[in-house]
Amino acid sequence: MKITDPAFGLSFEVFPPRNLNASFKLWRTIEQLATLDPSFVSVTYGAGGSTRDVSRAAVDVINREYGMDVAGHLTCVDATREQVMDVAQAYKDAGARQIVALRGDPSDADAGFQPTADGFQSSLELISALADTGDFKVRVAAYPHTHPEAANENADIDMLKAKFDAGAHSAITQFFFESDDFLRFRDKCVTAGITQKIIPGILPVENWKKTKSFSARCGAFTPDWLDKAFENATNQEEHDLLSISICTELCDDLLNEGVEDLHFYTLNDPSLTKTVCHALGRTPSELRLHKVA
Ligand code: FAD
């Protein structure tokens, strides 16, 4: 492992709280991670728009109380164009200048995406409509292991290119555990003519069993060696140590390969993310005024 420059661009994903206890957890996460000087924090949007109001409220509080740049996630599921654009306007009113624009998954994932009558037919239409407002930096999703619904890897990269052509500013990837997977994907995107930034999504593993089952659903790949390593962790302390060292190594490799920004999936728990950032040299005393371009 080399020593990396701690001035990399940093961002965090959180999800909106469902109850009072979860709210305290979210605010603790924001408070602790704010000291690491993130470029932005993104707030997810529940399947089928199930967290519409609370996502907007979380965007508002994070922006207003913590003065942070916030990206609200937005999907096309179960809503007309007008309803979706109303949420975008509500995000804007809450201070968001960025949106992560997604097609989304229905609440019943097995049913597959069915566009709503008068709704956006695909992520491309949503990206285009948001870009046309001129109000937002539009970020989109990318899949180093190929989206499960893609016809093949090339078609998936073509879709990503189409998202940029529709007005996207940058992409954030699904999580992955081996740097080569991201680097190969980045090379293929460059070959396909994509010049915009692709930010790796980093998941510090809190619970390997849950991560494996979620990975199977969203098409992320979990390598066998990692499976064996976590099986050998006999208690939570060993599990956390393993998780921190694997994640730090992954981030370090990426930064040494010219990656400029890391986006952490925090799952509203700051501890692993904070420790990994500290291991990468990013501590409150090392604050740099580095913002994602
Ligand atoms: P798209 O990229 O539009 O479609 C997925 C894939 O299907 C494409 O890559 C392509 O291969 C194929 N495809 C779809 N339409 C076409 C077409 N017209 N022509 C050719 N190929 C096509 N979900 C939520 O519900 N809420 C969230 O807040 C949320 N945040 C996320 C954040 C990130 C960074 C990521 C990576 C995912 C997130 N998701 C979220 C999950 C996401 O909604 C699902 O992965 C969903 O299945 C795809 O959304 P998308 O915008 O990537 O879709």
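So, here is what we can say about the structure in this document. (Residues numbered from 1 in each chain as written. Predicted model: local features only at pLDDT ≥ 70, side-chain atom pairs only at ≥ 80, totals over all residues. Heavy atoms only, no water.)

## What to know about the site of the ligand
Neighbouring the ligand are 20 residues; Tyr45, Asp105, Ser123, Tyr143 and Asp156 lie closest to it. For the ligand, an oxygen atom lies 2.5 Å from a polar atom in the side chain of Ser123. Taken together, the elements giving at least two residues each to the shell around the ligand come down to helix 5 (153-165) and strand 6 (170-175). Ranked by the residues each element gives to the shell around the ligand, the list is headed by helix 5, at three residues. (Near = heavy atom within 4 Å. Polar contact = N/O pair within 3.5 Å; in protein donor to acceptor, adjacent residues only side chain to side chain. Helix = DSSP H or I, 4+ residues; strand = E, 2+ residues; numbered from the N terminus.)

## What to know about the state of the cysteines
Within this structure, the stated rule accounts for zero disulfides. Cysteine Cys76 remains unbridged, with the sulfur of Cys218 as its closest cysteine sulfur at 19 Å. Looking at Cys251, it has no disulfide partner, and the nearest cysteine sulfur is the one in Cys247, 4.3 Å off. (Disulfide = S-S within 2.5 Å.)

## Quick look at the packing of aromatic side chains
For the structure shown, the criterion picks out eight aromatic pairs. An angle of 25° between the planes, with centres 6.4 Å apart, marks the rings of Trp27 and Tyr66 as stacked. With Trp27 in helix 1 (residues 20-34) and Tyr66 in helix 2 (residues 52-66), this pair connects stretches of sequence that are 39 residues apart. Within the aromatic cluster, the residues linked to one another by ring pairs are Phe175, Phe177, Trp208, Phe214, Phe230 and Tyr265. The aromatic ring of Phe40 is capped on one face by Arg139, whose charged end is 4.1 Å from the ring centroid. When the ring centre of Phe8 is taken as origin, the NZ or CZ atom of Arg282, which lies over that ring, is 5.2 Å away. (Phe/Tyr/Trp six-rings, centres within 6.5 Å; stacked < 30°, edge-to-face > 60°. Lys NZ or Arg CZ within 6 Å of the ring centre and 35° of its normal.)

## Focus on the environment of Glu206
Mapped onto the fold, Glu206 is located in the loop between strand 7 (197-202) and helix 7 (208-218). Exposure remark for Glu206: the relative accessible area of 26% places this residue in the partly exposed category. Between the C-alpha atom of Glu206 and that of Ser243, which follows or precedes it by 37 residues, the distance is 7.4 Å. Excluding anything up to four places from it in sequence, Glu206 contacts Gln236, His239, Thr266, Leu267, Asp269 and Leu272. (Buried < 20%, exposed > 50% of the residue type's maximum accessible area, 1.4 Å probe, protein only. Contact = heavy atoms within 4.5 Å.)

## Topic: the sheet that holds strand 3 (residues 70-74)
Pairing in this closed barrel of eight strands is parallel, and the strands run 1-2-3-4-5-6-7-8 around the ring. Strand-to-strand, the axes of this sheet are offset by a mean angle of 25°, without reference to chain direction. Both strand 1 (residues 9-14) and strand 8 (residues 261-265) contribute to a ladder of five bridges, which runs parallel. Considered in strand 8, the bridge of Leu10 is made with Leu262. Contacting strand 1, strand 2 (40-43) and strand 3, helix 2 crosses the sheet at an angle of about 165° to strand 2. (Pairing = 2+ DSSP bridges. Axes fitted to C-alpha atoms, helices over the stretch in contact; angles between N-to-C directions.)

## As for the layout of surface pockets
For the second largest pocket, the calculated volume is near 190 Å³. Taken together, 15 residues line the second largest pocket, and the ones lying closest to its centre are Phe182, Arg186, Gln196, Lys197 and Ile198. Elements represented by at least two residues in the lining of the second largest pocket include exactly helix 6 (179-191) and strand 7. Looking at the lining of the second largest pocket, its residues break down into eight nonpolar, three polar and four charged. (1 Å grid on protein atoms, 1.4 Å probe; cavity = no way out; pocket = protein on both sides within 12 Å on 5 of 7 lines; lining within 4 Å. Points joined across faces, edges and corners; volume = space filled by probe spheres on them. Nonpolar A, V, L, I, M, F, W, Y, C, P; charged D, E, K, R; others polar.)

## Quick word on the side chain of Ser55
Tracing the chain through its elements places Ser55 in helix 2. Aside from chain neighbours lying at most four places away, what touches Ser55 is Pro16, Val43, Thr44, Tyr45 and Tyr91.

## Re the environment of Gln32
Inspection of the secondary structure puts Gln32 in helix 1. Setting aside residues up to four positions removed in sequence, Gln32 forms contacts with Pro270 and Lys274.

## Description of the pattern of salt bridges
Inspection of the entire model under this criterion finds twelve salt bridges. Residue Lys197 is joined to Asp261 by a salt bridge in which the shortest nitrogen-to-oxygen separation is 2.8 Å. In this pair, Lys197 sits in strand 7 while Asp261 sits in strand 8, placing the two residues 64 residues apart along the sequence. Several salt bridges share partner residues, and in doing so they unite Asp60, Arg64 and Glu65 into one network. (Salt bridge = Lys/Arg side-chain N within 4 Å of Asp/Glu carboxyl O.)

## Some details on the nonpolar core
Core analysis: the biggest nonpolar cluster contains 64 residues, and Leu74, Leu130, Leu160, Leu254, Leu262 and Phe264 have the highest contact counts within it. The dominant element in this core, judged by the number of residues it contributes, is helix 9 (residues 236-256), at six residues. Residues within four places of Leu74 in sequence aside, it is in contact with Tyr45, Val84, Val87, Ala88, Tyr91, Ile99, Val100, Ala101, Leu102, Leu126 and Leu130. Residues Phe40, Leu203, Leu242 and Tyr265 belong to the second largest nonpolar core, which totals 18 residues. (Core = buried A, V, L, I, M, F, W, Y, C linked by side-chain atoms within 4.5 Å.)

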